[in-house]
There are 2 protein chains.
Amino acid sequence: MATPPLTLDQLNAASLDDARAMVAGLYEHSPWIARAALQQRPFRSLAQFKYALCQVATNAGKDAQLALLRAHPELAGRALADKSLTVESTHEPNKAGLTHCTPAEFEKIQQLNSDYNARFGFPFILALRGPRGLGLQKAEIMATFERRLQSHPDHEFQEGLRNVHRMAEIRLNDRFGRSIERGNLVWDWQEALAQYSDPGYAELGQLTVTYLTDAHRACAQRISNNMREAGCDKVHIDAVGNVVGRYKGTGASPKALMTGSHYDTVRNGGKYDGRLGIFVPLACVQGLKRANKRLPFDLEIIAFAEEEGQRYKATFLGSGALTGDFKPDWLDQVDADGISMRQAMKQAGLCIDDIPKLKRIASDYMGFVEVHIEQGPVLSELNLPLGIVTSINASVRHTGEMLGMTSHAGTTPMDRRRDAAAGVAELMLYVESRAAADSDSVGTVGILNVPGGSINVVPGRCQFSLDLRAPTDAQRDAMASDVLARIEQIAKARGLHYHLTETLRASAAPSAPAWQQRWEAAVAALGLPLHRMPSGAGHDAMKLHDLLPQAMLFVRGENAGISHNPLESTSSDDMQLAVQAFEHLLNSLAQELS
Amino acid sequence: MATPPLTLDQLNAASLDDARAMVAGLYEHSPWIARAALQQRPFRSLAQFKYALCQVATNAGKDAQLALLRAHPELAGRALADKSLTVESTHEPNKAGLTHCTPAEFEKIQQLNSDYNARFGFPFILALRGPRGLGLQKAEIMATFERRLQSHPDHEFQEGLRNVHRMAEIRLNDRFGRSIERGNLVWDWQEALAQYSDPGYAELGQLTVTYLTDAHRACAQRISNNMREAGCDKVHIDAVGNVVGRYKGTGASPKALMTGSHYDTVRNGGKYDGRLGIFVPLACVQGLKRANKRLPFDLEIIAFAEEEGQRYKATFLGSGALTGDFKPDWLDQVDADGISMRQAMKQAGLCIDDIPKLKRIASDYMGFVEVHIEQGPVLSELNLPLGIVTSINASVRHTGEMLGMTSHAGTTPMDRRRDAAAGVAELMLYVESRAAADSDSVGTVGILNVPGGSINVVPGRCQFSLDLRAPTDAQRDAMASDVLARIEQIAKARGLHYHLTETLRASAAPSAPAWQQRWEAAVAALGLPLHRMPSGAGHDAMKLHDLLPQAMLFVRGENAGISHNPLESTSSDDMQLAVQAFEHLLNSLAQELS
C-alpha cells in the first residue's frame, strides 16, 4: 500500500467524501456498503466499524447481496488474466501462489469455477489470507473449493458473504495499520502446539492429542515453557498432568482468579478447541509482565490435561481433579492397547498419591472464567467475533428401540400397520419442534437404524437415540418430560412398544451473574453488540461450577463454526479481540478491588 | 358329542328357543351372541351363520367383547382343575396333551397365564384344534403363547376375539356334522408337500424350496402324482420345471381355462403361499373325476416352478416362460454357490432349448384365475374367509440418501441445523399420510439408517428406501409424483440435498371385469358378503395378465395374515370354502358356454 496508515479519529473527523475515499475498495466494486456504514460515525473501535459494515450488507436484502457476490472475480480466473481486478484482489491471489499454477491445476480451477457458478449463480469467494497474514496453501484452497461446491445454496450464499466481509476486514487492518499482534501471538502458540500429534495421526498431518501420550506430554512441556516465557512466576505440572501457571498479584486480595481450558483434543480435531482458553489469558500475562504491571490478585492459568474422554472413558479428568471428582477407580480403566491409566500416569512420572491434594479450596478463589471457541455457527452468522455464555446446558441422553410388527410392504394396508420406524419419525419431528419452541434448547436423534431393513418390509424394529439439552435443569426436564410423554402417546396410538435407557444426565451450569456481567462490560467496551447464548457443549467451567462462580466467553469459529474437525478455525482478529476482552475483565476486576 | 348332527334347515325352521338350544355353548358362557345372530335366520349356509355370529360380537362394543374374552378359562389353568369349563372347552385341551404336562411345564404355563392376564386384562385364548381337526402340538402352543404375550394390547384383543370365533366355528362344524373333506384334502396335500425342504432348512424344520434344488424337484414329482391321482388326463413337467396338469373337457369349447400358482417358497416361509392355488383347483378336478363329470372346456392347472426370486435374481420365471418373458441371459445367472441357472436346469434334465415353445397363444385360453392366501390382515380382521381381488398393484421402488451437514448436537441451534435424518422423518410421515389418503395405496420406508450415527452428532447423512404401490399405474404415478415433489420441497426447506435411484417399476394388473364378477358370484353363492380389495403383493396372475384376462381370489390367513413366515396359516374351513367357490366358478362358466 502506498497510503500511510489511517487512524480511527481521522475517519471519524473526516467529511463523508473524504471518509469514503479513505475506505475505498474495501468491498469489490461495491462502495455503497462503506457509504452507508459511514453514516453511523463516530466509531469507538475498528471492530465496531467492521460490524457496521457487515450490518449494512445484512440489511440490504438478497438482491443487493447477490450483486455484491457477483461483483467479485473468479478465483485465479479470467479477471486475473485481463487485469480487471481491484488492487486488493490482485495482490491476494499472488500470496497463495495461485498465479503459479501448473496447466493442470489451472484447468482444475477453471472447472471448479464453472461448476460453482452453474450451481450457485455467483463466483467462489475465499478470503485468501489466513489469520497470521499468510496466504492459505494451494492445497487448502482446492480442498475448501471442492467442499463448498457441495454446500446447500442458501448456506453457500452466506458463506460467500462471510468471506467478503473477511476480505474487507483484512483490507481494513492494512489501511489502518491495525495491530493484531496479540492475536497473532495466540495464533503462533497454537500453531506451535499443533505440531505434536499422536502416532497414526501425526503421519497424516492430523491433530490428535490424547491423555498422556508422548505428544500430550510434549504439549505439557511446551505450555510450561510458554507460561514461563510469558512471565508466570510459578509454573508446574500437577499430579494429573495439568499445567498450572501463576502470575502473582500485589497481594492486596487474598483470593486468586482461576482461568484456563484443556490442551487434549478429540481424534482428528482442531487447533483451537480448549487451547484458545489457555493462550488468551497467557497473552494478557505477557502484556502485564512487559508493562511491569501487577494486579491486586493472583491469576492462575490452568492448562487442563484431559477433557475429551478419548483415551479413557473418564472425561473432565483435569478439572475434575481440582473439584475432588477424580475417581480412584478410573486408574484401572484401560485404553485400546490395554494400558491402564495408572500405568500411563506412572510412565509419565506423575505422583498418583498426590491427586487428592489437587482439590482446590473455594475460599482461595474469586471465581473461574474460561475463553473457548464457540464450536457452533451462531456468532459466525451474526458477524460477531465474541459471545457471552449465559449457561452451560443441562443434558440428558437416552438410547432406545421402538418395536412394532414386521409385515409385508405390499399387503399390509396403511391403517393396519405397526411401523416402528414411522413411530420414530413422528418422535423425531416432535423432538425437533419441541426443542425449537424453547429457542435455546436443542434435541437430537443422532442414531437411527432399522436393523436388517428391507425395501419391501414394514419395519418392526427401529433403534434410535435422544440427546436433549437446555440452559437450565428445569427447562431440560420439562422438555424431556414432554418428549417421553410423546413417545408413550405415539406408541399407544400406533400400537408400538419401546425400550429406553438413560445413558447420561448432567446438570446445567448457569453463569454467575456478576462474572457474566464482567464479560458483558468487556465486550461492550470493544464497541461490539452483546450476544448472550447458552453453551451447548460441556466445558471445564462446567466442572469448576461445582466449586466456584464461573462464566465463559465464546470466540467466533470460521467455516460456519465447524468443530471437532480439522476445519475448525478462528482468525487472529477475533483472538486479538478476545485478548482485549480478557484484559478488560482483569482491569475492571482490579478496579473493583481497589 | 351325544347329540346327532343338525341341519341348517332344522336351525332355520326351529323356534327361537329351540334354535338357541341347538347352538348352546358355541361361545363360552356367552349365549347372547347366538341369540342375536339367530334373529337373522334363515341362513343360506353355515358360513353365513358363522359370519353373522362374528358380526354380533363385532358390533356389541368393547365392553361386551371384553366380557366375552373374560368368560374364557385360562389355558390348562385352575378352571380345568375344578371342572368349571364348558363341555367344549374341556375336551379341547386334552387333544393338545395339555393335561399331561410335566410339573415344570405346568408352572411355565401358570407363569405365562399370569403375565398375560396382568398385561392384557383377559385370559390367553387359543383355538386348540388345527385345520385338520388335530390339536396343535404343545411346543407350538407355548411358542404362540410367548409370541402373543409381546403383542400390542389392541391387537391382542382382536386376536383373542378371532380365536374365540375360530373355537365357535370348530364347535359349529361338530354340531352340524359339516364336511370339510375337500378343505382337509387340500390341507393334506400341502402338509405332504411341506416335507420337502432345502438343505440347511430341512434340518431346522423350516420350509424353504428354491428353484431346482433336490427338494424343489421332489415337489414337482409329488405334484405330478397328486395331479394324476386327482384325475388329470395329462400331466407333464415342462422345460422350466412347471408341472402342468390338464383335465380334459367335452370339447364343446375350443378354449381352455388356465389356473395355478407357484410351488417354490421364500426362505423359512409358509406352506400356503402359492401352493394353495395349485391344490384348490386340483380338489375340484378330483370332485369332477369322482362324479365322472366333464366341463365343456379343458382346465389347465399349472404349478409354477419359480415366482419368489430366491435362488437367482430372476423372478416369475415359471409364469414368465408362458408369456415369452423368459430372458436367455437369465441362464448365466449364478446362485450363491456359483452354480449357473443353465447348469441347474441341465442337472434337472430340463430341455433348455424348448423354453421358447412354452409361450402360450392367447386365443387358446378363455382366461387365467388364481387362488392365493391373502398374505395380509384384512380378511382376518373382517372375519371373512374369502376376498375378491380388484387389481394387482402397480409398484415403484427407490433407494435414496439424504445429505445435510454433520454438526455438534450440543452447539448447533435448532434453526441452523441441516439434519438429514429429520428430513427423512418428514418424508416418512408424508409417505404414510399420502398413501393413506388413497385408502388402497401403500407406501413404505423399509430401509432407514444414519451411517456411523452418534448420540451427540446431528446426522449429515441418512439412507432410506421408498416402496410405493397402488391399484392402477395412474394412482401409483400420482402418489410417486407427490412424494418426489415433497422430497424436493423438504430438501429445499431444510437446506438438504439427496440422491434417488429407481430400482423397480411394475405396472398394475387390474382384474378383468367379467372374471372378477365370476369370483363375486361364487362368493355370494356361499352366502358370504363380498369384500373387494387390491393385491399388494405380486403374483403369477400379474405375469399372465400380459397374455390373458385374469382375476384372483384371496383366502384369509390366520395369525393376522402373517406371511413369508412359518406362522403363515389358513384353516380347512376356509380352504373348503375356496374349493366350493372355485367349483361355482367352473359350473357357472359351463352354464355360460352352454
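Every value quoted in this text rests on a predicted model; they were computed, and no experiment measured them.

Engineer: Quick one: what's the story with the relation of the copies chain A and chain B, residue by residue and with numbers?
Structural biologist: The transformation that overlays chain A on chain B combines an axial shift of 0.1 Å with a rotation of 180°, and the residual RMSD is 0.1 Å. The superposition operator between the copies reduces to a two-fold rotation axis. Most of the interface of chain A is mirrored in chain B: 98% of its interface residues are interface residues there too.

Engineer: Give me the domain arrangement of chain A: which residues, what numbers.
Structural biologist: Residue and element names in this part refer to chain A. Partitioning chain A into domains gives domain 1 (8–176), domain 2 (182–391 + 509–593) and domain 3 (398–506). Counting residues at the interface gives 18 residues for domain 1, matched by 25 residues for domain 2. When the two sides are added together, the surface that domain 1 and domain 2 hide from each other amounts to roughly 1700 Å², 48% of it contributed by carbon and sulfur. With a shortest N-O distance of 3.1 Å, Arg-166 and Asp-573 are connected by a salt bridge. Linking domain 1 to domain 2 there are six residue pairs in polar contact (both at pLDDT 80 or more). Among the elements of the structure, α4 (46–59) and α10 (153–176) are those that each provide at least two residues to the side of domain 1 that touches domain 2. Ranked by residue count, the leading element in the side of domain 1 that touches domain 2 is α4, at seven residues. By residue class, the composition of the side of domain 1 that touches domain 2 is four nonpolar, six polar and eight charged.

Engineer: Which residues make up the pattern of salt bridges, and what are the values?
Structural biologist: Under the definition given, this model contains 72 salt bridges over all chains. The residue B:Arg342 makes a salt bridge to B:Asp332 at a minimum N-O spacing of 2.8 Å. Placement of the pair is B:Arg342 in helix α15 (residues 341–347) and B:Asp332 in the loop between α14 (317–322) and α15, with a sequence separation of ten residues. The class for B:Arg342 is partly exposed, based on a relative accessible area of 30%. Measuring nitrogen to oxygen at the nearest pair gives 2.9 Å for the salt bridge that ties B:Arg505 to B:Glu502. Residue classification places B:Arg505 among the partly exposed positions, given a relative accessible area of 44%. Here the salt bridges share partners, and the residues they tie into one network are A:Lys50, A:Arg166, A:Glu169, A:Arg178 and A:Asp573.

Rules of the game
- Residues numbered from 1 in each chain as written.
- Chains lettered and ligands numbered in written order.
- Predicted model: local features only at pLDDT ≥ 70, side-chain atom pairs only at ≥ 80, totals over all residues.
- Heavy atoms only, no water.
- Least-squares fit on C-alpha atoms with pLDDT ≥ 70 in both.
- Contact = heavy atoms within 4.5 Å.
- Domains from an automatic or database assignment.
- Buried area = accessible area lost by both parts, 1.4 Å probe.
- Salt bridge = Lys/Arg side-chain N within 4 Å of Asp/Glu carboxyl O.
- Polar contact = N/O pair within 3.5 Å; in protein donor to acceptor, adjacent residues only side chain to side chain.
- Helix = DSSP H or I, 4+ residues; strand = E, 2+ residues; numbered from the N terminus.
- Nonpolar A, V, L, I, M, F, W, Y, C, P; charged D, E, K, R; others polar.
- Buried < 20%, exposed > 50% of the residue type's maximum accessible area, 1.4 Å probe, protein only.

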